[in-house]
Amino acid sequence: MIKTLAGQVKEFKKDSIITPIFMILEVIMEMIIPLLMSSIIDDGVEKGDIHHIYIIGIWMVVVAGIGLFAGIMGGKYGARASTGFARNLRQAMFENIQTFSFSNIDKFSTASIVTRLTTDVTNVQNAYQMLIRVAVRAPIMIIFAMVMSFSINVKISLIFLATIPVLGFILIWLAQYVHPYFERVFNTYDRLNEVVQENLHGVRVVKSFIREEYEDEKFGKISQKIYKDFAKAEKLLAFNSPAMMSAINVCLLAVAWIGAKAIIVSGNVKGVAGGLTTGELMSLFTYALQILMCLMMISMVFVMIIIARSSAERIVEILTEESDI
């Protein structure tokens with residue numbers, strides 16, 4: 001499936017490669033800022049060195065500007081790559097549909113083909129954009145932040161390592177459990193479009209035989225089925241957000257508790273074993289937030305992939321279908 005879909009990137013490969021590069025550059029800039037902030041607090045504010053604060057402050061503005069530029073360019077090329085990918089998918093599907101025999105069309109139904117060309121392609125497009133942007137940015141930021149936090153204090157950084165497996169288990173469980181619901185929803189979408197299509201094509205017959213109430217009832221049953229399946233899936237996915245926020249709050253509380261003790265032990269002086277300075281604690285807070293927010297972003301990518309997985313399978317069915325003629 002992945003190979004079939006990847007073959008439709010075509011002329012947008014360059015944009016798909018450039019986007020992660022800008023995302024990596026943005027991550028590097030974001031990793032430098034907490035170190036500069038730590039320097040301002042420890043070597044500038046606490047020592048009363050205004051000149052040092054000005055110099056480091058200027059560097060922070062430069063680093064933030066480079067990060068902003070990288071983020072904007074990543075968004076630009078990411079949007080171009082994803083929309084181009086979606087365009088190629090629709091074109092390839094439409095061209096293959098032109099070769100279908102009547103038996104091929106009956107196999108999928110006209111309503112299903114329309115859904116696959118529209119809703120399913122849009123889902124895959126959104127997932128692809130998140131893959132080349134967020135799915136690249138978040139893991140790299142986690143790695144960089146972990147390295148930087150371990151270089152400051154190993155004991156406190158172990159808190160992050162304990163959090164990641166728990167959140168990873170939740171994400172994997174959601175992906176496995178929710179996927180069947182979305183498969184059923186998209187199949188029901190096909191039936192919904194079919195009901196609407198039949199009603200529009202036979203609108204004269206419906207009105208002639210006064211069948212409006214029957215058609216309303218038939219449409220209502222399909223809509224209710226979609227509502228129930230979507231509600232079940234969204235209820236499960238809603239569990240993702242409180243789980244992530246709970247992990248973030250517990251992690252920050254642990255960092256604050258252990259970090260405050262470490263500052264007291266060291267007397268706010270560098271070089272003491274197990275000690276920590278105020279600036280280093282501020283940096284650890286920043287890295288903690290970055291790590292945990294990246295986990296939140298990864299969870300959003302997982303949710304989008306869960307939804308897009310069903311759509312991708314349906315698109316590939318059209319692309320790989322061979323005409324009976």
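These figures come from a predicted structure and were not determined experimentally.

K.L.:
Would you take a moment to explain the packing of aromatic side chains for this structure?
P.N.:
Given two aromatic rings, one states the distance between the centres and the angle between the planes to describe the pair. Counted by the stated rule, this structure contains four aromatic pairs. Ring geometry for F22 versus Y77: centroids 6.0 Å apart, planes at 5°, classification stacked. With F22 in helix 2 (residues 13-45) and Y77 in helix 3 (residues 50-97), this pair connects stretches of sequence that are 55 residues apart. Of the two residues, F22 and Y77, both sit in the buried class.

K.L.:
For this particular structure, what's the right way to read the nonpolar core?
P.N.:
Core analysis: the largest hydrophobic core is formed by 55 residues, its most contacted members being F160, V178, F182 and L276. Only helix 2, helix 5 (110-132), helix 6 (134-152), helix 7 (154-201), helix 9 (212-238), helix 10 (240-266) and helix 11 (278-320) provide two or more residues apiece to this core. Here this core gets 16 residues from one element, more than from any other, and that element is helix 11. Residues contacting F160, with those up to four places away along its chain left out, are M146, S149, C251, V255, L284, A288 and I291. The next biggest cluster of nonpolar side chains, apart from the first, holds 23 residues, and it includes A81, A86, F108 and I113.

K.L.:
How should I be thinking about the side chain of S311 in this particular structure?
P.N.:
Here S311 is to be found in helix 11. A relative accessible area of 0% places S311 in the buried class. Sequence-distant contacts of S311, defined by excluding residues within four places in its chain, comprise D120, N123, V124 and F186.

K.L.:
Before we go on, may I ask you to explain the confidence of the model for the protein chain in this structure?
P.N.:
Predicted coordinates in areas of low pLDDT are best not read in detail. Per-residue confidence for the protein chain averages 82 on the pLDDT scale, and 97% of its residues sit at or above 70. For the protein chain, per-element mean pLDDT is lowest for helix 8 (residues 203-208), which scores 77, and highest for helix 3, which scores 91. Between residues 268-273, whose pLDDT stays under 50, and residues either more than four places distant or in other chains, the model counts 11 contacts.

Criteria and cut-off values
Residues numbered from 1 in each chain as written. Predicted model: local features only at pLDDT ≥ 70, side-chain atom pairs only at ≥ 80, totals over all residues. Heavy atoms only, no water. Phe/Tyr/Trp six-rings, centres within 6.5 Å; stacked < 30°, edge-to-face > 60°. Helix = DSSP H or I, 4+ residues; strand = E, 2+ residues; numbered from the N terminus. Buried < 20%, exposed > 50% of the residue type's maximum accessible area, 1.4 Å probe, protein only. Core = buried A, V, L, I, M, F, W, Y, C linked by side-chain atoms within 4.5 Å. Contact = heavy atoms within 4.5 Å. pLDDT = per-residue confidence, 0-100.

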